Amino acid sequence: MSSEAPIKPTLTMHLLHPDLAMLSPAYFGMVMATGIVALAVHQIGLWSVAWFLYAVALLTYAVLWVLTVLRFLRYRAEFIADVIDYQRGPGFFTMVAATGVLGSASVILTGSKTTGFILWGIAILLWIGLTYTIFTVFMVKEEKPTLERGITGAWLLTVVATQSIAVLSALLSAPIEQSHRLDLNFMAVSMWLWGVMLYIWLMTLIFYRFTFSRLDPGDLTPPYWINMGAMAISTLAGSLLIQNAATAPFLNSILPFLKGITLLCWATGTWWIPMLMILGIWRHIYKRFPLSYDPLYWGAVFPLGMYAVCTFQMEQALQLISLDLLTKAFSWIAVAVWSLTFVGFMRSMHRRARIAP
C-alpha cells in the first residue's frame, strides 16, 4: 500500500494561505509606505514608478482587508486580544493612515475625487471606532504595564492616522463649492491641531522612556521612526492648510499661526532624523542586533517618504527655495529603502514557505 508524498508548500501557496491567527495589525503600514513613496517619486518626475507603486498600494490594501476580515471571522479571540494589547493595539491605526494616504494618492495621481471621498469616509469611521475603543480600554484596564513596557513608537500611529484625515480633507476641499470647502478646511485644521496636541502628549512619554529607562537594542523597534514621521505628516497637513488659506477666510485670519506651527513640526521632525540614525547605528553595529525583515519596518519606510513629500509642500507653501535638494535626496532614499524592505518581505515569505510543515 503506497501513500502519497506530502505536498511541499510553495511561496504562492503561502501567500494564498497565510497564518491569519498571527497576522500583524501593523501590516497596513505597507500600504502607508508604498502610497507615500509613490507621491514622493511623483514629485521628482518618476511618474511610471509612481503609478507602479500606487497600483501595488491598491492591491495590497484590498488583500489586507480581505485577510483582516477573515482573521476577525476565524480568529476573533486573537483579533480582540490584539486590539486591547498595549504593544499591538496601536498598530490598528495603520488601517486609518493607510486609507487616508491611499485617498490622498488617488486624488493627486488620478484626480479621482470620488475615490478620495469614499476613502475619506472610511478613514473617519475607522478613526472614530479605533480611537474610542482602544483608548477607552487602555484607560479602564485594571492591570496595566509599566511605562517602559507599555509605550512604544507605534503609539504615534494615532497621530499619523489623525493627520492623514487632515491631509485628505485639505486636498478634497479645493474643487468643491465654497460652503462645503469651508467645512472641509475646518475639519482639516481641527484634526491637524488635535494631531499636534496628541503628539505633544505621547512624545513626552516616549522621550521620558528614552532618557530615564533602560533602552535595550530589542526595544528600539522600527516604529520609533514614527517619532519623525508623525511630525512630517503634521508638516504636510499644515502646508496644505497654508495653501488653502487664499480661499478660506478663517484660515487666512490665522495664517501666521499656521506657518509657525508648520515650521515647528518640520524642525522637530528634522531634528529626529540624525538622532534616529545614531540610535540605529548603536542598535545594529555597536550592539550587533540582527537586521532582518519585520512587518514593523514599513513603519520606518513611511517617515522617509513623508519627509520628502512634506518638505516639498512646505517649500511651496512658504515660498522657500533652499529645500529642493533635500526633497530630491529623501525621495530617492525613500524609494531605495522601500525597495530593500520589499525584497526583505518577499524573502521572508519565501523562507516561511520553505519551513512550513
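What comes next is a walk through the structure. (Residues numbered from 1 in each chain as written. Predicted model: local features only at pLDDT ≥ 70, side-chain atom pairs only at ≥ 80, totals over all residues. Heavy atoms only, no water.)

1. Quick look at the overall build of the protein chain
Let me state the cut-off plainly: A helix here means a DSSP run of H or I that spans at least four residues, while a strand means a run of E at least two residues long, and both kinds are numbered starting from the N terminus. Only protein chains enter the accessibility calculation, which uses a 1.4 Å probe. A residue is then buried if its area is under 20% of the maximum for its type, exposed if over 50%, and partly exposed in between. A contact between two residues is defined here by any heavy atoms of the two lying within 4.5 Å. The accessible surface values rely on the Shrake-Rupley method and a 1.4 Å probe; as for residues, cover is taken only from the protein chains in view. Only four residue types enter the tally: Lys and Arg on the positive side, Asp and Glu on the negative side, with His and both chain ends excluded. Working definition for charges: the position is that of NZ of Lys, CZ of Arg, CG of Asp or CD of Glu.
Summing up its helical and strand segments, the protein chain has 14 helices and zero strands in all. Starting at the N terminus and ending at the C terminus, the protein chain contains elements arranged as α-α-α-α-α-α-α-α-α-α-α-α-α-α. Dimensions of the protein chain along its principal axes, counting C-alpha atoms only, are 85 × 45 × 40 Å. The buried share among the 357 residues of the protein chain stands at 53%. Taking the intrachain contacts of the protein chain between residues at least 6 apart in sequence as the baseline, contacts between residues at least 24 apart amount to 81%. When the accessible area of the protein chain is evaluated, it comes to approximately 17100 Å², of which 69% is carbon and sulfur surface. Charged side chains of the protein chain number 21 positive and 15 negative; the gap between the two group centres comes to 7 Å.

2. With respect to a nonpolar patch on the surface
Condition: Here a patch means residues that are over 30% exposed by relative accessible area and free of salt bridges, tied together within 9 Å if like-charged and within 5 Å if nonpolar (Val, Leu, Ile, Met, Phe, Trp, Tyr). Whenever Lys or Arg places a side-chain nitrogen within 4 Å of a carboxyl oxygen from Asp or Glu, that contact is recorded as a salt bridge.
Together, Leu147, Leu205, Tyr208 and Phe212 make up a nonpolar patch on the protein surface, roughly 400 Å² of accessible area in all. Top element by residues in the nonpolar patch is helix H9 (residues 178-212). It accounts for three residues. Mapping leucine 205 onto the fold places it in helix H9.

3. So, the pattern of salt bridges
With the rule as written, the count across this model stands at five salt bridges. When the shortest N-O distance is used, the salt bridge between aspartate 82 and arginine 88 registers 2.7 Å. Residues lysine 328 and aspartate 324 are paired through a salt bridge, measuring 3.3 Å at the closest nitrogen-oxygen approach. Of this pair, lysine 328 and aspartate 324 both sit in helix H14 (residues 324-355), four residues apart, which is roughly one turn of the helix. In this structure aspartate 324 comes out as partly exposed when scored by relative accessible area, which is 31%. Through salt bridges with shared partners, one network takes in Arg71, Asp82 and Arg88.

4. Thoughts on the nonpolar core
Stated precisely, the cut-off is as follows: For this analysis, a nonpolar core means a set of buried residues of the types Ala, Val, Leu, Ile, Met, Phe, Trp, Tyr and Cys, connected via side-chain atoms within 4.5 Å.
Grouped together as the largest cluster of nonpolar side chains are 120 residues, with contacts concentrated most on Val37, Val96, Leu156, Trp192, Met228, Trp298 and Phe302. Excluding its chain neighbours within four sequence positions, the residues that come into contact with valine 37 are Leu53, Val301, Gly305, Ala334, Val335 and Trp338.

5. Some details on unusual backbone geometry
Here arginine 288, not a glycine, exhibits a phi torsion of approximately 55 degrees, which is positive. The residue arginine 288 is located in the loop between helix H12 (255-286) and helix H13 (298-317) in this model. Although it is not a glycine, glutamine 319 adopts a positive phi angle of roughly 55 degrees. Inspection of the secondary structure puts glutamine 319 in the loop between H13 and H14. For glutamine 319, a relative accessible area of 70% gives the class exposed.

6. Quick look at the packing of aromatic side chains
As a reminder, the rule being used: Whether two aromatic rings pair depends on their centres lying within 6.5 Å, for rings of Phe, Tyr and Trp, where Trp uses its six-membered ring; planes under 30 degrees apart make the pair stacked, over 60 edge-to-face, and the rest tilted. In our convention, an over-ring charge means Lys NZ or Arg CZ found within 6 Å of a ring centre and within 35 degrees of that ring's normal.
On inspection of all chains with the given rule, the structure shows 27 aromatic pairs. With centroids separated by 5.3 Å and ring planes inclined at 80 degrees, the aromatic side chains of tryptophan 194 and tryptophan 201 adopt a geometry described as edge-to-face. Ring centres of tryptophan 338 and phenylalanine 342 lie 5.0 Å apart, and the angle between their planes is 10 degrees; on these two criteria the pair is classed as stacked. One end of the pair is tryptophan 338 and the other is phenylalanine 342, both in helix H14 and four residues apart, which spans about a single turn. By relative accessible area, which is 26% here, phenylalanine 342 ends up partly exposed. The structure contains a cluster of three or more aromatic residues connected by ring pairs, namely Tyr27, Trp298, Trp338, Phe342 and Phe345. If you follow arginine 76 out to its NZ or CZ, it ends over the ring of phenylalanine 72, 4.5 Å from the centre.

7. Re the environment of leucine 46
By the element assignment, leucine 46 lies in the loop between helix H2 (29-42) and helix H3 (47-74). By relative accessible area, leucine 46 is classed as partly exposed at 24%. For the pair leucine 46 and threonine 114, spaced 68 residues apart in the sequence, the C-alpha separation amounts to 25 Å.

8. Some words on the side chain of threonine 327
For threonine 327, the position within the fold is in helix H14. What makes threonine 327 buried here is its relative accessible area of 2%. In this view, threonine 327 contacts Gln43, Ala308, Thr311, Phe312 and Glu315; residues no more than four positions away in its chain are not counted.

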